[in-house]
Amino acid sequence: MSDPEQVARRKKILRVLFISLLLDLISFTFILPLFPKLVDFYRTLETQQSLLSTSTSPTILSRILSALNSYKSSFARPISSRYDTVLLGGALGSLFSICQAIASPIIGKLSDTHGRRTALLWSMVGNILSVALWVAATDFRTFLASRVVGGLSEGNVQLATAIATDISDESQRGATMAMVGACFSIAFTFGPALGAALAGLTTVEKNPFATAAGFSLLLLLVETAYLYLYLPETLPSVGGVGKLRTGSEKGEKNDVNGANGSTTTATANTSAKVSNVSATERPLVRTNSHLTLSTTHLLFILFFSGMEFSLSFLSSDLFAFTPSQNGRLLGYIGLVASILQGGVTRRLHPLLSVRIGVVTASIAFFLLARVTTIRGLYIAATFLAITSATVVTGLNGLASFEASSSQRGSVLGRHRAWGQVGRTIGPLVFCTLYWWAGREVAYAVGAAGMVGVVGLVFGGLAVPKGTEIKKAVKTS
C-alpha cells in the first residue's frame, strides 16, 4: 500500500463507508427503545377499534399476543404482564432476524454478480420503503410489514464489510473490520437516545412515532444520495479495476487524444494498479473452513444474544431498573465498546480479537449468574462491552480471509445468515430457561455454552496463512 494514489483512494472509500454506515445504523437504532410504547399504542388502538367494529375475527396483533400468553403460561414461574411488550419486542426482533437470515446470502450473491455498489443501492431502496411504511403505520399490520421489508432488504452492514475487505490487504483487515464495528458501537450509544427524544415530539396524531420515523427516513435518503455520488465500485470483475466510478463521475469524459495519447495510456495503467488491492487475484489458501467459522458465529450469537435480551429482565427483577436506567446501561456498553474498537481492536489480529471476546463473554455469564449489586452489574457490563467490541468484528475478518474477491459477498452473506439464525432462536431459548429454571441456572448454562465456544475458537480456528507475516517481522 505504498502507492500514494492507492492509499488516498482507500482512505476515501473508508470515509464514505464510515459515514454511510453510521447514518444507516443510527437510523436503525431509533426504533429500539420505542418497542414498548409502540406495542402499547397499537394495543390501545386495536382495543378502541374493536369497540367500534362489528367484526369478531381476531387481528394479527391479538393473535400474536395470544400466542405469547400461551407461551408464558407454560412456565413454572408466573410472568408479569409488564413483560408482554418485552416478549413481543423479542418476537419482532426474531422476525427481523429470520428475514435477514433468508436475505443475507441472496444479497451477498447479487453483490458478487452485479457489484457491491449496485447491490448496496438497491438495498437502500428497500430500507427507504421499510421506514416509509413505518411513517405511514397507523395500524399494527402496516408496522409489521415495515419490519418484514426492512429485514429482507437490510444489507448495508454485510456489503460495507465486503467493500472494506475489497480495498484492504491482510495486514489491514483487523483495523478495517474494527472500523465497521465502531460504527455499531457509536450508533448504539447515541441512536436509541435520539429516537426516544424524537418520539416525544408528536407531529401526526394517528401515528405518534411519525417524527422519529420521518427523521430516520431522512437519514436514509441522505445516506443513499451520498452513496450514489461518492461510493465507487470495488469489485474487480464489475469495474473495480481501473474503473472506480461514482455517480458524480459518470458524466465525465476523457478528451485527451493525439499527442497526449501516451499520457492517457500511462494514466490508465496507473489506475489499474492502484484502484484496488484485490485487483490481482491470488490463489486462495484456506485455513479455516466456512463451516467452522459459521458454526462458531451461530453458537456465539445464540448464547450472547440470549444474554443481551435477558439483561432487561435481570436488571428489572433485581434492581427495579426503569427503561431510562436500562438505556443508560446499554449506552455504557456501547460507549466502552466504541472506545475499545477505535483504540484496541483495530490493532489486533482478528483471531486474537475473537479469543479475547469469547473469554470475556464467559466471564460476564458467570458474573451475571451471581450478581447482587448494581456495581457488579456494571462490572459484568464492562466484560460484555469487551465482547461486543471484538468477537463479531474478528469473525467477519476471519471469514473475509477465506474468500476470493469474486466470492466474498456470498461468503460473508452466508456467514451473516448463520449469525442471524442464532439471533433468532437465542433470546427465545435463553428466556425460556430463565423463566423455567431461574437466573442462576440460566446464566450458568449460558456460561457453560460459552466455554464450549471458547474451546471451539481456541481448538478449531487458526491464524490464516499469510496474515501472520506482520507479526513475524515485528519480532525479528
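Residues numbered from 1 in each chain as written. Predicted model: local features only at pLDDT ≥ 70, side-chain atom pairs only at ≥ 80, totals over all residues. Heavy atoms only, no water.

**Describing the overall build of the protein chain**
Consideration 1: Along the backbone of the protein chain there are 17 helices and zero strands.
Consideration 2: Counting the 476 residues in the protein chain, one finds 51% classified as buried.
Consideration 3: Look at the contacts in the protein chain between residues 6 or more apart in sequence, and 83% of them connect residues 24 or more apart. (Helix = DSSP H or I, 4+ residues; strand = E, 2+ residues; numbered from the N terminus. Buried < 20%, exposed > 50% of the residue type's maximum accessible area, 1.4 Å probe, protein only. Contact = heavy atoms within 4.5 Å.)

**Observations regarding the packing of helix α8 (residues 173–199) against helix α9 (residues 210–230)**
Consideration 1: At their nearest, the axes of α8 and α9 sit 7 Å apart, and the two run at 130° to each other. Viewed along their axes, α8 and α9 adopt a mutual orientation that is oblique. For the crossing formed where α8 meets α9, the hand is right-handed. Listed contacts from α9 to L194, G195, L198 and A199 of α8 are T211, A212 and F215. (Axes fitted to C-alpha atoms, helices over the stretch in contact; angles between N-to-C directions. Parallel < 35°, antiparallel > 145°, perpendicular 65-115°, else oblique. Left-handed = near helix turned anticlockwise from the far one by under 90°.)

**Some thoughts on a nonpolar patch on the surface**
Consideration 1: Among the surface-exposed residues, I98, I102, I106, L110 and L152 lie close enough to one another that they form a single nonpolar patch of about 440 Å² accessible area.
Consideration 2: By residue number, the principal contributor to the nonpolar patch is helix α4 (residues 84–114), which donates four residues.
Consideration 3: On the secondary structure map, I106 appears in helix α4. (Patch = residues over 30% accessible without salt bridge, like charges linked within 9 Å, V, L, I, M, F, W, Y side chains within 5 Å. Areas by Shrake-Rupley, 256 points an atom, 1.4 Å probe, with all protein chains shown as cover. Salt bridge = Lys/Arg side-chain N within 4 Å of Asp/Glu carboxyl O.)

**Concerning the side chain of N396**
Consideration 1: You can see N396 is positioned in helix α14 (residues 374–401).
Consideration 2: When its relative accessible area of 16% is taken as the criterion, N396 is described as buried.
Consideration 3: Once you skip the residues sitting within four places of it in the chain, N396 turns out to touch T161, M177, L412 and H415.

**What to know about the nonpolar core**
Buried together is how nonpolar side chains tend to be arranged in soluble globular proteins.
Consideration 1: Membership of the largest hydrophobic core comes to 108 residues, with the highest contact counts inside it found for L38, Y42, W134, F143, F300, L377 and Y443.
Consideration 2: The greatest single-element share of this core, amounting to twelve residues, is contributed by helix α11 (residues 290–319).
Consideration 3: When sequence neighbours within four positions are dropped, the list of residues in contact with F143 reads I31, F35, L38, Y42, L92, W134 and A137. (Core = buried A, V, L, I, M, F, W, Y, C linked by side-chain atoms within 4.5 Å.)

**Thoughts on the confidence of the model for the protein chain**
Consideration 1: Of all residues in the protein chain, 83% have pLDDT values of 70 or greater, and the mean over the chain is 81.
Consideration 2: Across residues 241–246, confidence stays below pLDDT 50; counting only partners more than four residues off in sequence or on other chains, it has 26 contacts.
Consideration 3: Across residues 249–280 the pLDDT falls below 50, and counting only partners more than four positions away or on other chains, this stretch makes 39 contacts in the model. (pLDDT = per-residue confidence, 0-100.)

**Things to note about the packing of aromatic side chains**
Consideration 1: Going through the model one piece at a time under the given rule, you end up with 15 aromatic pairs.
Consideration 2: Plain terms: the ring middles of F300 and F304 are 5.2 Å apart, the flat faces sit at 15° to each other, and that makes the pair stacked. One end of the pair is F300 and the other is F304, both in helix α11 and four residues apart, which spans about a single turn.
Consideration 3: Take F300: its relative accessible area is 2%, and that puts it in the buried class.
Consideration 4: Exposure remark for F304: the relative accessible area of 6% places this residue in the buried category.
Consideration 5: Between F319 and F321, the aromatic rings sit 6.0 Å apart at their centres with planes inclined by 50°, giving tilted as the arrangement.
Consideration 6: When its relative accessible area of 17% is taken as the criterion, F319 is described as buried. (Phe/Tyr/Trp six-rings, centres within 6.5 Å; stacked < 30°, edge-to-face > 60°.)

**Side note on the environment of S315**
Consideration 1: Locating S315 in the fold gives a position in helix α11.
Consideration 2: The exposure class of S315 is buried, given its relative accessible area of 0%.
Consideration 3: Distance from S315 to L329, taken between C-alpha atoms, is 9.5 Å for residues 14 residues apart in sequence.
Consideration 4: Discounting chain neighbours no more than four positions away, the residues touching S315 are A320, F321, N326 and L377.

**Description of the environment of P464**
Consideration 1: Secondary-structure assignment places P464 in the loop between α16 (439–460) and α17 (469–475).
Consideration 2: Take P464: its relative accessible area is 3%, and that puts it in the buried class.
Consideration 3: Counting along the chain gives 176 residues from P464 to N288, while the straight-line C-alpha distance between them is 7.1 Å.
Consideration 4: Apart from residues no more than four positions distant in its own chain, P464 is found in contact with T287, N288, H349, L398, F401 and E402.

**Here's the deal with the environment of D112**
Consideration 1: Relative to the elements of secondary structure, D112 occurs in helix α4.
Consideration 2: Considering only alpha carbons, one finds D112 and S405, 293 residues apart in sequence, at a separation of 8.1 Å.
Consideration 3: Side chain to side chain, D112 and R116 meet in a polar contact 2.7 Å long. (Polar contact = N/O pair within 3.5 Å; in protein donor to acceptor, adjacent residues only side chain to side chain.)

**Notes on the pattern of salt bridges**
When their charged atoms lie close together, side chains carrying opposite charge are able to pair.
Consideration 1: Scanning all chains against the criterion turns up five salt bridges.
Consideration 2: The partner of E308 in a salt bridge is R423, and the shortest N-O contact between them spans 3.4 Å. Of this pair, E308 sits in helix α11 while R423 sits in helix α15 (residues 408–437), placing them 115 residues apart in sequence.
Consideration 3: Taking relative accessible area as the criterion, E308 reaches 36% and is therefore assigned partly exposed.

**So, the packing of α14 against α15**
Consideration 1: It is the contact of α14 with α15, at a shortest axis distance of 9 Å, that shows an interaxial angle of 145°. Helix-helix and strand crossings are classified by hand; for α14 and α15 the assignment is right-handed. Note on element contacts: α15 touches α14 through R408, V411, L412 and H415, opposite L395, N396, A399 and S400.
Consideration 2: In terms of residue class, the contact of α14 with α15 is built from four nonpolar, three polar and one charged. (Nonpolar A, V, L, I, M, F, W, Y, C, P; charged D, E, K, R; others polar.)

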